[in-house]
Amino acid sequence: MTSKEIPETSEYDKAVLGACYMCDSYCPTKIFIKDGKAIGVEMLDDKIRGLCPRWKAQLDFVYHKERLQYPLRKVGERGAGKFERVSWDEALGAIADKLLELKETLGPESVAWYIAYTKEPRPYFRRLVHGYGSPNYTTETSSCFSAGWLAATLNFGKEYGYLLGNSRAIDPAGKTMMVWSSGVRESSPHYWNDYLEAKKRGLKFIAVDPRRTRFAQMADLHLQLRPGTDGALALGMLNVIINNNLYDTDFVTKWTTGFNELAEYVQEFPPEKVSKITRVPEDLIIEAAFLFAKNKPSKIRTSPGATIHHQNGVQNTRAILLIPALTGNIEVPGGNRISPVAAPSNNITLKEKLSEMPPGIGSQRFPIFTNLFEEMQANSIVDQIISSDPYPVKALIAAGLNLQFFANYSRLTKTLKKLDLLVNIDYFHTPATMTSDFVLPISTWLERDILVMKPGGLIRWVKPAIEPVGETWPEWKIYAELAKRLGIGELFYDGDITKCFEYILEPTGITLDELSAKPEGILYTVEKTKVKQYEGSGFSTPSGKVEIWSSILEENGYDPLPTYKEPLESPLSTPDLARRYPLVLTTGVRTISYTHSQHRKLAKLRSMVPDPLLEIHPDDASVRRIRTGDNVMVFSPRGEVFAKANVTDIILPGVVHLPHHWPFEANANILCDDINLDPISGFPAFKSQLCQVRKQ
Ligand SMILES: Nc1nc2c(c(=O)[nH]1)N[C@H]1C(S)=C(S)[C@@H](COP(=O)(O)OP(=O)(O)OC[C@H]3O[C@@H](n4cnc5c(=O)[nH]c(N)nc54)[C@H](O)[C@@H]3O)O[C@H]1N2
Ligand SMILES: Nc1nc2c(c(=O)[nH]1)N[C@H]1C(S)=C(S)[C@@H](COP(=O)(O)OP(=O)(O)OC[C@H]3O[C@@H](n4cnc5c(=O)[nH]c(N)nc54)[C@H](O)[C@@H]3O)O[C@H]1N2
Ligand code: SF4
Ligand SMILES: [Mo]
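Computed from a predicted structure; not experimentally measured.

Parameters and conventions
- Residues numbered from 1 in each chain as written.
- Chains lettered and ligands numbered in written order.
- Predicted model: local features only at pLDDT ≥ 70, side-chain atom pairs only at ≥ 80, totals over all residues.
- Heavy atoms only, no water.
- Salt bridge = Lys/Arg side-chain N within 4 Å of Asp/Glu carboxyl O.
- Helix = DSSP H or I, 4+ residues; strand = E, 2+ residues; numbered from the N terminus.
- Buried < 20%, exposed > 50% of the residue type's maximum accessible area, 1.4 Å probe, protein only.
- Near = heavy atom within 4 Å.
- Polar contact = N/O pair within 3.5 Å; in protein donor to acceptor, adjacent residues only side chain to side chain.
- Areas by Shrake-Rupley, 256 points an atom, 1.4 Å probe, with all protein chains shown as cover.
- Nonpolar A, V, L, I, M, F, W, Y, C, P; charged D, E, K, R; others polar.
- Patch = residues over 30% accessible without salt bridge, like charges linked within 9 Å, V, L, I, M, F, W, Y side chains within 5 Å.
- Lys, Arg positive; Asp, Glu negative; His and termini not counted.
- Charge placed at Lys NZ, Arg CZ, Asp CG, Glu CD.
- Pairing = 2+ DSSP bridges.
- Axes fitted to C-alpha atoms, helices over the stretch in contact; angles between N-to-C directions.

Engineer: How would you explain the pattern of salt bridges if you had to name every residue and give the values?
Structural biologist: Within the structure shown, the criterion is met by 37 salt bridges. In this structure, the salt-bridge partner of Asp 89 is Arg 485, at a minimum N-O distance of 2.5 Å. With a gap of 396 residues between them, Asp 89 in helix α3 (residues 88-105) and Arg 485 in helix α18 (residues 475-485) connect regions that are remote in the sequence. Residue classification places Asp 89 among the exposed residues on the basis of a relative accessible area of 51%. The closest approach of N and O atoms between Glu 186 and Arg 185, which form a salt bridge, is 4.0 Å. By sharing partners, the salt bridges in this structure join Asp 24, Lys 119, Arg 122 and Glu 140 into a single network.

Shown next, in the form of structure tokens:
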């Protein structure tokens, strides 16, 4: 039987409610169990059942023959890929000894901690990091979402940081929606049918994307821009909006700072010039600006990646987010609203201890990011290991370290060799586990207790459906046992996760017995956000207004206006380099069958996209004699990558796309610059590099 089939009642002993965690959406499922083994899964969410194939492969994941089942210790040289099986006690004992020694000799800050895309174990992981005494809690969010959060926070204040999170949903009151870079269907399939329905009822869509995605094909207007020029396009639209008096004068007068300066600055961005920079036709820029400003209410949806994976990402995104603000579309039905919150909870991360600790990784170079987002910048780990400035970093403890995550793989792998200790906690071997000293195997979402608290107020206690496979442990248990050996076991309630859940849930008044009786979850009534909430208390920026002129940026020596800068490598900024590397490279379009680097071992999913594909326009392919299916080499000043060509006119001529996180010689991040990062957020320019392509 395959996992997509629902077994007959006679075929299973019991069925329990579960949640898929093959991405971080926790879609509700029913799991069928026979003799302690999961034998089938049913998807309970109608919106996702037919659109996402990943849940159907989850039992192939759980019972995969290559799943890590025992703790491993490296044998011989690090990176040789040889390991021996050890007991948990041996592994955690040796790791704890080294951590205690480093704490004693160099201080706890000499240990960096990193956790990947997974969100569920983060609070426990962070509790361990700060409990041990290190400020160096870093996450995948160092390259995802947080730079957009920062842009929104600088413009509107912290409670608007999550404006981006909420912007995906269709609001029935809206008339226009501008989707600034998302293919929607593959990356947020939950929303796809809502988009199709909204289109039918007449919602006007504007797509801003260098590729003609399925969403862009159904949009009323498609602004097909050169990657990384988003800021220029936004300023061009603001030029049209301001010069044609399409802005909300009342809102602008009462609630913004720096409007006059912006009005002057956008004169440098007339549509004709913006068209030359972005390659979007002038009349389309004007039409989109008029449509958004006049066919109200209008809403903008931004991406947690595409506008911020650039060296000028934060400023570009600030300019984009001003479009709904200046047209009076903030905090109104159908416009951009604050995200619905989750039920209240006690925070267990101990992040309040940060102020007592030495400055963390990246906090000298990216102080706005680390201060406001309250995490360290993972993209600075390599620099600090190399420089030991302001102090040495000698160990890295990682939950889901993925070498492909980081820009400039070669510098990263060389640098990791300098560490005294590298620990990785994961489900499968990956290129990163192969370079580790210890590899610790974790239990999946079917084997661990998970407390889910969703925006909107849903709370669920998802209990393990099966016993852990092999000697895998839930992450909570790993951290609790390590904490014990570090002398801080009490922080983990001596291993009892239910005590931790009780503490987290305290402010809701909901007990674990109540949650246990309702495996489908309890909906806690959260307060609805009010229309124009700011009218009472103002915006939570230093001035209480929308800061077009950002006082925080000004104080820190950055341009206070959302100024546009060309990508550091581009056909316009480096014409000499562009002669050798004439193509603009964007990376990381999402694929429905994969979550980042994951799931490529699952045959059902791998068969959907067996190879890394380079998207290249027919004009660029023909001069290189490249046809679909040909093996190609893509190279930049930093290295070379191998892929198969997909010749397609959905991509703008002069631009190529590589998917992200394929391993080894197909790893797109070999090509990306890890030195010239966005100076405000520390994000790499994953989506605006130069490259050249050659047929193999
Ligand atoms: N199936 C699946 N879904 C996922 C994920 C996954 O791995 N797999 N990952 C999740 C995560 S962590 C994230 S961050 C989100 C990402 O979510 P989205 O950003 O919505 O992802 P995509 O749908 O790939 O859309 C990105 C779009 O940006 C376009 N683009 C590329 N370069 C530029 C540029 O310079 N400017 C502009 N304006 N557009 C550009 C691409 O052509 C692409 O269509 O997806 C989430 N959803
Ligand atoms: N070139 C390029 N690079 C990018 C991007 C891009 O668009 N282009 N996108 C960026 C973005 S937005 C994101 S979100 C990141 C994603 O990058 P990553 O965070 O690296 O994403 P994953 O590959 O999903 O996860 C990494 C590892 O975590 C493991 N893992 C999964 N769940 C768990 C768990 O619960 N516990 C533990 N311990 N491990 C777990 C997985 O098995 C995997 O090996 O990549 C970023 N990098
Ligand atoms: S992989 Fe698909 S089914 Fe599973 S949680 Fe994510 S969206 Fe839901
Ligand atoms: Mo992401």
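Engineer: Tell me about the site of ligand 1, and please be specific about residues and values.
Structural biologist: Residues in close proximity to ligand 1 total 32 residues, the closest being Ser 182, Ser 187, Asp 209, Asp 230 and Ser 303. Contact distances for ligand 1 include 2.9 Å between a nitrogen atom and a side-chain N or O atom of Thr 586. Arg 590 has a polar backbone atom sitting 2.9 Å from an oxygen atom of ligand 1. The fraction of the free accessible surface of ligand 1 (920 Å²) that becomes covered by protein chains is 95%. Partitioned by chemical class, the residues of the shell around ligand 1 number 13 nonpolar, 12 polar and seven charged.

Engineer: Tell me what's going on with the site of ligand 3, and back it up with residues and numbers.
Structural biologist: Surrounding ligand 3, one finds Cys 20, Met 22, Cys 23, Ser 25, Tyr 26, Cys 27, Met 43, Ile 48, Cys 52, Arg 54, Trp 55 and His 190. Per-class residue counts for the shell around ligand 3 are nine nonpolar, two polar and one charged.

Engineer: Let's hear about a negative patch on the surface: which residues, and what values?
Structural biologist: A contiguous patch of negative charge on the surface is contributed by Glu 502, Glu 506, Asp 513 and Glu 514. If you trace the backbone, Glu 514 turns up in helix α20 (residues 512-517).

Engineer: Which residues make up the sheet that holds strand β1 (residues 14-19), and what values do they have?
Structural biologist: Strands pair in a sheet through their backbones, by hydrogen bonds, and they do so in one of two ways: parallel or antiparallel. The strand order across the open sheet built from three strands is β1-β2-β3, with neighbouring strands paired in antiparallel fashion. Edge strands, defined here as strands with exactly one partner in the open sheet, are β1 and β3 (37-43). Ignoring strand direction, the axes of neighbouring strands in this sheet form an average angle of 30°. Note that β1 and strand β2 (residues 28-34) share six bridges and pair antiparallel. Its bridge partner being in β2, Ala 19 is matched across the sheet by Pro 28.

Geometric descriptors of this kind do not, in isolation, establish any biological role.
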